[in-house]
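Analysis of the macromolecular model
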Amino acid sequence: MDTLVSTDISLAAQFLERGEIVAIPTETVYGLAANALNPSAIAKVFEAKNRPLFDPLIVHIGNKSQLTVYAKNISSKAQQLAEAFWPGPITLVLQRHLIIPDLATSGLETVGLRMPKHNTALQLLSQIDFPLAAPSANPFGYISPTTSRHVYDQLKGKIPMVLDGGPCEVGVESTIVQCDGEKVTVLRLGGVTVEEIERAVGPVSIQLSAASNPSAPGMFTSHYAPRKPLYIGKVEELISTHSDRNFAILSFHKKFDAAESCILSPSKNLNEAAQNLFGMMRELDAGGAEIILAEYLPEEGLGRAINDRLMRAASK
């Protein structure tokens, strides 16, 4: 199969209407999209990614009014979160209407819904009459893609089209929040910070632990990982520990002495660091070093989501 990279939104819509899968841009990362109401199309997503069928997918909608079409028993706090952050990088896990197939939710009675904040994605959703199930457009467990080139390099020959919408602005996946009545639980850290959520709805619980049968995407202990071993900690100590190996360094803002190194944000900007995270991980993974050494970022704002991705990417 030839894989086309194009900015043609109408062509992408045609592929999706025929039950094909298309990689699409969002503000977080590129997603591998299929008609969320078509089980055979959804199956192609799992196949292309080599994704386990027990890992549920996020369903993307193009309008806030569609929330009640695909979810039920929507609490006031869920409504508040949708009003505050949609379109944007937050996914709400709610009880689903049965119009959403079991395959999209891995048999769960809940579905993760979000409205992306990306003009190309929203234009595409406005041209079709169904929502899109769209996990990250990468082989399962590998670093998420933030450019169309990342997608093409990994999935060429497996999908018919990559819809090019430029580099992703946020750079890490959406925050996933479960809304069970008035109880709000963060299941995955992401593009909307815990602090922002609590300003909107008050105190929340955080439950990030992995599970063999996850209730949301991105909850596996090992995920978002490069193919090379990645170690995380204090860089000076890691250098001493691994001095006999050829290492590359991924740092927050400091320059370290290494043949290969990437600095996430010289100005210590956590938003910039998030935008650069996956791209720089890919760069170091493609380089000549044997292992990658990385450091924790400040445990605040988007730093918490970045640290979560680094910990899941790190060698155990």
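A brief report on the enclosed structure follows.

Right, let's talk about the packing of aromatic side chains for a bit. Evaluation of the coordinates by the stated rule reveals 0 aromatic pairs. In this structure, Arg227 is placed above the aromatic ring of Tyr142, and the distance from its NZ or CZ to the ring centre is 4.1 Å.

Time to look at the packing of helix H10 (residues 270–286) against helix H11 (residues 302–313). To characterise two packed helices, one gives the angle between the axes of the helices and the distance between these axes. Viewed as axis vectors pointing N to C, H10 and H11 meet at an angle of 20°, and their least axial separation amounts to 9 Å. Classified by the interaxial angle, the pair formed by H10 and H11 is roughly parallel. Pair H10 / H11 crosses with left-handed handedness. Note on element contacts: H11 touches H10 through Leu302, Gly303, Ile306, Arg309, Leu310 and Ala313, opposite Leu270, Asn271, Ala273, Ala274, Leu277, Phe278 and Met281. Residue classes in the contact of H10 with H11 are distributed as 10 nonpolar, 2 polar and 1 charged.

Strand order across the open sheet formed by 4 strands is S13-S16-S14-S15, with parallel pairing between neighbours. For this open sheet the edge positions go to strand S13 (230–232) and strand S15 (260–263), each flanked by a neighbour on one side alone. Between one strand axis and the next, the sheet turns through 20° on average, direction left out of account. Pairing of strand S14 (residues 247–251) with S15, which is carried by 4 bridges, proceeds in the parallel orientation.

Our next topic: the nonpolar core. Nonpolar side chains in soluble globular proteins tend to end up buried together. Membership of the largest hydrophobic core comes to 66 residues, with the highest contact counts inside it found for Leu81, Ile197 and Leu250. The element contributing the most residues to this core is H10, with 8 residues. Setting aside residues no more than four positions away along its own chain, Ile197 makes contact with Leu81, Phe85, Ile90, Thr175, Val177, Val186, Val192, Gly202 and Val204. Counting residues in hydrophobic clusters, the runner-up holds 16 residues, among them Ile9, Leu125, Ala134 and Met161.

What follows concerns the state of the cysteines. One pass over the full model with this rule turns up 0 disulfides. Of the cysteine sulfurs around Cys168, a residue in no disulfide, the closest is that of Cys262, at 18 Å. We classify Cys262 as buried; its relative accessible area is 4%.

This part is about the environment of Thr175. In this fold, Thr175 is placed in strand S10 (residues 175–180). The sequence separation of Thr175 and Leu92 amounts to 83 residues, and the corresponding C-alpha distance is 8.6 Å. Reaching out from Thr175, the side chain makes a polar contact with the backbone nitrogen of Gly190 at a distance of 3.1 Å.

Calculation notes
- Along every chain, residues carry numbers that run from 1 in the direction the sequence is written.
- Only residues with pLDDT of at least 70 get local features here, since the model is predicted, and only at 80 or more are side-chain atom pairs given and counted; chain-wide, interface and lining totals rely on the full set of residues.
- Only hydrogens and water are removed before side-chain values are computed, so all heavy atoms of the structure are retained for them.
- A pair of aromatic rings is counted whenever rings of Phe, Tyr or Trp (Trp by its six-membered ring) have centres within 6.5 Å, and the orientation is called stacked for planes under 30 degrees apart, edge-to-face for over 60 and tilted otherwise.
- Whether a charge sits over a ring comes down to the Lys NZ or Arg CZ being within 6 Å of the ring centre and within 35 degrees of the ring normal.
- Note on method: axes are straight lines fitted to C-alpha atoms, helices fitted across the in-contact stretch only, with angles between N-to-C directions ranging 0 to 180 degrees.
- Comment: elements are numbered from the N terminus, with helices defined as DSSP H or I runs of at least four residues and strands as E runs of at least two.
- Any angle between 65 and 115 degrees counts as roughly perpendicular, while under 35 counts as roughly parallel, over 145 as roughly antiparallel, and the rest as oblique.
- Handedness of a helix crossing follows the sense of rotation of the near helix relative to the far helix, less than a right angle counterclockwise being left-handed and clockwise being right-handed.
- In this description, contact between two residues means that some pair of their heavy atoms is separated by no more than 4.5 Å.
- Residues are sorted three ways: Asp, Glu, Lys and Arg are charged, Ala, Val, Leu, Ile, Met, Phe, Trp, Tyr, Cys and Pro are nonpolar, and all the rest, Gly among them, are polar.
- DSSP calls a pair of strands paired once it identifies at least 2 bridges connecting them.
- For the purposes of this section, nonpolar cores are sets of buried Ala, Val, Leu, Ile, Met, Phe, Trp, Tyr and Cys residues that join through side-chain atoms within 4.5 Å.
- Exposed residues in this analysis have more than 50% of their type's maximum accessible area, buried residues have under 20%, and partly exposed residues fall in between, with area computed by a 1.4 Å probe over protein chains only.
- In plain terms, two cysteine sulfur atoms within 2.5 Å form what is called a disulfide here.
- For the purposes of these results, a polar contact is taken to be a pair of N or O atoms within 3.5 Å, where, inside protein, one atom must be able to donate a hydrogen and its partner to accept one; residues adjacent in sequence count only when each atom of the pair is a side-chain atom.

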